[in-house]
Amino acid sequence: MEQKFFLSTERCCYDTLVAEKILEGYLGMATLWDDNMKLLIGENTQDFVSWIMKGAEVKAKLATEFKGQELRADVLLQVEMIGKRGKKEDILLQIEIQSERDPDMRERLLAYNLRARKEHKMEVYSCVIYLRDDGIVLPSPLRWELSTGKKYLEFDFDSIEVYKLNAAELQQTGLPGLLPLMILTGDGTTREIADTIFTELEAAGRLDSLSPTYVLVSLAFGKDNIADQRWLLRRLENMQEKLNESPVYQEMTRMAREAGFEVGLEQGLEKGLEKGLQQGLQQGQLQGQLQALRQMVTEIVSERFPELVRQAEEKTADVSEPFLLRRAVLKLSTVTTAEEARQALL
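Here the structure is a predicted model, which is why all the values come from computation and not from measurement. (Residues numbered from 1 in each chain as written. Predicted model: local features only at pLDDT ≥ 70, side-chain atom pairs only at ≥ 80, totals over all residues. Heavy atoms only, no water.)

> Describe the overall build of the chain, listing the residues and the values that go with them.
Each helix and strand counted, the chain has 14 helices and seven strands in total. Burial analysis of the chain (346 residues in total) assigns 52% to the buried set. Here the contacts in the chain between residues at least 6 apart in sequence split such that 63% fall between residues at least 24 apart. When the accessible surface of the chain is totalled, it reaches about 16,700 Å², and 47% of it is carbon and sulfur. (Helix = DSSP H or I, 4+ residues; strand = E, 2+ residues; numbered from the N terminus. Buried < 20%, exposed > 50% of the residue type's maximum accessible area, 1.4 Å probe, protein only. Contact = heavy atoms within 4.5 Å. Areas by Shrake-Rupley, 256 points an atom, 1.4 Å probe, with all protein chains shown as cover.)

> Explain the confidence of the model for the chain residue by residue, including any values.
Model confidence for the chain is summarised by a mean pLDDT of 79, while 75% of its residues fall at 70 or above. Per-element mean pLDDT across the chain ranges from 36 in helix 1 (residues 16-22) up to 97 in helix 3 (residues 45-52). With pLDDT under 50 throughout, residues 1-27 is counted as low confidence; its partners more than four residues away or in other chains account for 81 contacts. (pLDDT = per-residue confidence, 0-100.)

> I'd like a rundown of the pairing of strand 3 (residues 88-98), residues and numbers included.
In terms of burial, strand 3 is largely enclosed, as eight of its 11 residues are buried. With eight bridges joining them, strand 2 (residues 75-82) and strand 3 adopt antiparallel strand pairing. Considered in strand 3, the bridge of Leu 76 is made with Gln 94. Hairpin remark: strand 2 followed by strand 3, antiparallel, with five residues in the connecting loop; positive phi at Gly 86, about 80 degrees. (Pairing = 2+ DSSP bridges.)

> Break down the packing of aromatic side chains for me, with residues and values.
Within this structure, the stated rule accounts for four aromatic pairs. Ring centres of Phe 48 and Trp 51 lie 6.2 Å apart, and the angle between their planes is 75 degrees; this geometry places the pair in the edge-to-face category. Placement of the pair is Phe 48 and Trp 51 together in helix 3, with a separation of three residues, close to one helical turn. Taking relative accessible area as the criterion, Phe 48 reaches 1% and is therefore assigned buried. Measuring from ring centre to ring centre gives 5.7 Å for Phe 155 and Phe 157, while their planes differ by 35 degrees; the resulting arrangement is tilted. Pair check on accessibility: Phe 155 and Phe 157 agree, each one buried. (Phe/Tyr/Trp six-rings, centres within 6.5 Å; stacked < 30°, edge-to-face > 60°.)

> Help me get a handle on the pattern of salt bridges, residues and values and all.
Summed over the entire model, instances satisfying the criterion amount to 15 salt bridges. Residues Lys 38 and Asp 74 are paired through a salt bridge, measuring 3.4 Å at the closest nitrogen-oxygen approach. Here Lys 38, found in helix 2 (residues 29-43), pairs with Asp 74, found in the loop between strand 1 (57-61) and strand 2; they are 36 residues apart in sequence, far enough to count as distant. For Asp 74, a relative accessible area of 16% translates into the label buried. One network of salt bridges, in which partners are shared, links Arg 143, Lys 151 and Glu 154. (Salt bridge = Lys/Arg side-chain N within 4 Å of Asp/Glu carboxyl O.)

> How would you sum up the sheet that holds strand 1? Please name residues and give values.
Reading across the sheet, the five strands line up as 1-2-3-4-7 and stay open at both edges, with mixed pairing between neighbours. Each of the sheet's edge strands pairs with one partner strand only, and the pair in question is strand 1 and strand 7 (158-161). Between one strand axis and the next, the sheet turns by 30 degrees as a mean value, whatever way the strands run. Taken together, the seven bridges between strand 3 and strand 4 (residues 124-130) define a ladder with parallel strand orientation. (Axes fitted to C-alpha atoms, helices over the stretch in contact; angles between N-to-C directions.)

> Give a description of the packing of helix 6 (residues 191-203) against helix 7 (residues 210-221) that names residues and reports values.
Following both chains from N to C, one finds helix 6 and helix 7 inclined at 175 degrees, their axes separated by 11 Å at the closest point. Relative to helix 7, helix 6 is oriented roughly antiparallel. Here helix 6 contributes Arg 191, Ala 194, Ile 197, Phe 198, Leu 201 and Glu 202 to the contact with helix 7, which in turn contributes Leu 210, Thr 213, Tyr 214, Val 217 and Phe 221. Along the lines of polarity and charge, the residues of the contact of helix 6 with helix 7 split into eight nonpolar, one polar and two charged. (Parallel < 35°, antiparallel > 145°, perpendicular 65-115°, else oblique. Nonpolar A, V, L, I, M, F, W, Y, C, P; charged D, E, K, R; others polar.)

> Mind laying out the nonpolar core, listing which residues take part and the relevant values?
Core analysis: the biggest nonpolar cluster contains 51 residues, and Met 37, Ile 95, Ile 129, Leu 181, Ile 183 and Leu 184 have the highest contact counts within it. If we skip the residues at most four places from it in the chain, Ile 129 touches Phe 48, Trp 51, Ile 52, Ile 95, Glu 96, Ile 97, Gln 98, Ile 160 and Val 162. Counting residues in each nonpolar core, the second largest holds 19 residues, with Leu 290, Met 296, Ile 300 and Ala 341 among its members. (Core = buried A, V, L, I, M, F, W, Y, C linked by side-chain atoms within 4.5 Å.)

> Tell me about the environment of Ser 302, residues and numbers included.
With respect to the element layout, Ser 302 can be found in helix 11 (residues 286-304). Of the residues examined, Ser 302 reaches a relative accessible area of 40% and is grouped as partly exposed. Residues Ser 302 and Ala 312, 10 residues apart in the sequence, show an inter-C-alpha distance of 9.0 Å.

> Which residues make up the side chain of Arg 106, and what values do they have?
If you trace the backbone, Arg 106 turns up in helix 4 (residues 105-120). For the buried Arg 106, no salt bridge is present, and the opposite-charge side chain at shortest range is Glu 107, 5.0 Å distant. A polar side-chain atom of Arg 106 sits 2.9 Å from the main-chain carbonyl oxygen of Pro 139. Other than its neighbours up to four places away in sequence, Arg 106 contacts Leu 138, Pro 139, Pro 141, Leu 142, Phe 155 and Phe 157. (Lys, Arg positive; Asp, Glu negative; His and termini not counted. Polar contact = N/O pair within 3.5 Å; in protein donor to acceptor, adjacent residues only side chain to side chain.)

> How would you sum up the environment of Leu 345? Please name residues and give values.
Secondary-structure assignment places Leu 345 in the segment after helix 14 (338-344). For Leu 345, a relative accessible area of 8% corresponds to the buried category. Linking Leu 345 and Gln 311, residues 34 residues apart in sequence, is a C-alpha distance of 7.9 Å. Residues contacting Leu 345, with those up to four places away along its chain left out, are Val 297, Leu 308, Gln 311, Ala 312, Lys 315 and Leu 332.

This is how it looks when you write it as structure tokens:
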């Protein structure tokens, strides 16, 4: 059953209908899971690296698109680790996020690994993080054998099934960036755990993680869980002041507002929620989405890499697919250098 997340403005707690209508047709469920996890990793990169490779340190975030190939990894990092002889060495860490069952996940992971190794001339360590229990997870290693039984390939990778963990395990790591994953653990999908996550993120100063965490919690609760979704909206109101300080949240609310949803929400709250939402959604169709997303790209670039504003305006002017602009927003929000930003605009 498809799930959608709840997006709130400053005014009050909206009904389930509002939550479903706002993002209906705007982002697919897998996109919501994956994009918000990428945002969390982008905001808490060192925490995730420390979790996956104890003792390793992040040196650079690399482009996830490979030259001349229709391949795109979720996260690709250059990290420094201690090698066998106690000497520091650089390798690549490739992280894939999986929210739905993919029987070809291991082969896909191998393809990314080989391409990253070839392009960057470095050793690559691969890890896939499974967010939900969506069927059998094929284990590491991937082995290919001839009919005679002769093995000709063996590929080892790390596999983390979050839903098999306990919330306390993640909390006890002392890594604030992992706190949002607590809601996805076997014992974690509760209001108490959600409240703990938000409280500890605020205390740790991870304000930019609040918005994607809110989405993740809503997805974990499920759209049919009306009571918990309404509680979550009330909890969001309590975080509103701090959320308003977060660039990620500002971008999310601006996206909805500029896409024409605000008109529908305002009218719907006054007279006929269903009718008002329909009017807002009609006005916020393709052209409204494109305009809002182009503006968002430009504003992110203006804030982070002002020397690239003209290039951003030129590149986005001819883009007619919202998903391409959403992808650019995501990448531009997480890159660390002007060169990475320039690649994100290509």
